[in-house]
Amino acid sequence: MGMSVIIAAARPEEAEQILKLQYLGYQSEAELYGDWTLEPLTQTLESLKAEMSEHRVLVARLGDEVVGSARGWVDGDGVGRIGRLVVHPRMQRHGLGRRLLEALETQLTADGATGGFELFTGHRSLGNLRLYRRLGYRETEVREVSRRLSIVTLAKPVAATLAA
């Protein structure tokens, strides 16, 4: 490749790149569930900019290109809420999702995530489920949204991050 991928805080001017990456990355999820109204596919640029001002947003950069992103925040109970982990399809299966998730966990721990971390994915998203389980996340709930989609919530204690 010749260039290293850098994980860093997202810059406000990268919002459009993040949104385009999100649209691209969630196409396979929409296809998997037969649902093109998934929130990551309908989010507006204004909504993303608002999220970027309120939450931690990390990006993976290859040169000037955003090739991955993840966001999160610490809720009132001290739980690090993680969402919208996305990696460009051509960059998948190279450890970038793991690097983004671990970097976000570190940031959220510094922000006061003492109650562990929580994230969710669809029940058919086997690659996502494998990644999260490898990183110490365990299933805590499965909620049926429709006949085609159940949401799997996974959690990880902070101690598991420190021991890793």
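Before going into details, it helps to say that this report is about the structure given with it. Along each chain, numbering runs from 1 in the same order as the chain's sequence is written. Local features are withheld for residues below a pLDDT of 70 in this predicted model, meaning they are given only at 70 or higher, and side-chain atom pairs are given and counted only at 80 or more; totals for whole chains, interfaces and linings count all residues. To get the side-chain values, all heavy atoms of the structure are used, and hydrogens and water are removed first.

## Regarding the overall build of the chain
Put simply, DSSP H or I for four residues or longer makes a helix, DSSP E for two residues or longer makes a strand, and each gets a number counted from the N terminus. In terms of helices and strands, the chain carries 7 helices and 7 strands. When the elements of the chain are put in sequence order from the N terminus, they spell out β-α-α-α-α-β-β-β-α-β-α-β-β-α. Radius of gyration means the value over C-alpha atoms here, while the globule rule gives 2.2 Å times the residue count to the 0.38 power. In terms of overall size, the chain behaves like a compact globule, its C-alpha atoms giving a radius of gyration of 15 Å where 164 residues would be expected to give roughly 15 Å. Oriented by its inertia axes, the alpha-carbon framework of the chain measures out at about 40 × 35 × 30 Å. For each residue, the accessible area found with a 1.4 Å probe, counting protein chains only, is set against the maximum for its type, and the residue is called buried under 20%, exposed over 50%, and partly exposed in between. Here the chain holds 164 residues, and the buried ones make up 45% of them. Residue contacts are counted whenever heavy atoms from the two residues lie within 4.5 Å of one another. For the chain, the share of sequence-separated contacts (at least 6 apart) that also reach a separation of at least 24 residues comes to 62%.

## Focus on the nonpolar core
Ile82, Tyr132 and Tyr137 are the most contacted members of the largest nonpolar core, which totals 26 residues. Going through the elements one at a time, β2 (56-62), β3 (65-74), β4 (80-87), α5 (96-110), β5 (117-122), α6 (126-134) and β7 (150-156) are the ones with two or more residues in this core. The element that contributes the greatest number of residues to this core is α5, accounting for 5 residues. Excluding residues that lie within four positions of it along the chain, Ile82 makes contacts with Arg71, Gly72, Leu101, Leu104, Glu105, Leu108, Phe117, Glu118, Leu119 and Tyr137. Listed in part, the 15 residues of the second largest apolar core include Ile18, Leu48, Val59 and Val86. Put simply, buried Ala, Val, Leu, Ile, Met, Phe, Trp, Tyr and Cys residues joined by side-chain atoms within 4.5 Å make one nonpolar core.

## Points about the pairing of β3
The buried count for β3 comes to 7 of 10 residues, which makes it a mostly enclosed element. Strands were regarded as paired on the criterion that DSSP finds at least two bridges between them. Two strands pair when backbone bridges link them, and β2 and β3 are joined in this way by 7 bridges, in the antiparallel orientation. Across the sheet, Leu62 pairs through a bridge with Glu65, a residue of β3. Hairpin connection between β2 and β3: a loop of 2 residues separates the two successive antiparallel strands, and Gly63 in this loop has a positive phi of roughly 65°. As paired strands, β3 and β4 are joined by 6 bridges and run antiparallel to one another. Of the residues in β4, the one forming a bridge with Gly68 is Val87. Counting the residues in the hairpin turn of β3 and β4 gives 5 residues, including Gly78, whose phi is positive at 80°.

Fair warning: the whole summary comes from geometry, so function is off the table for now.
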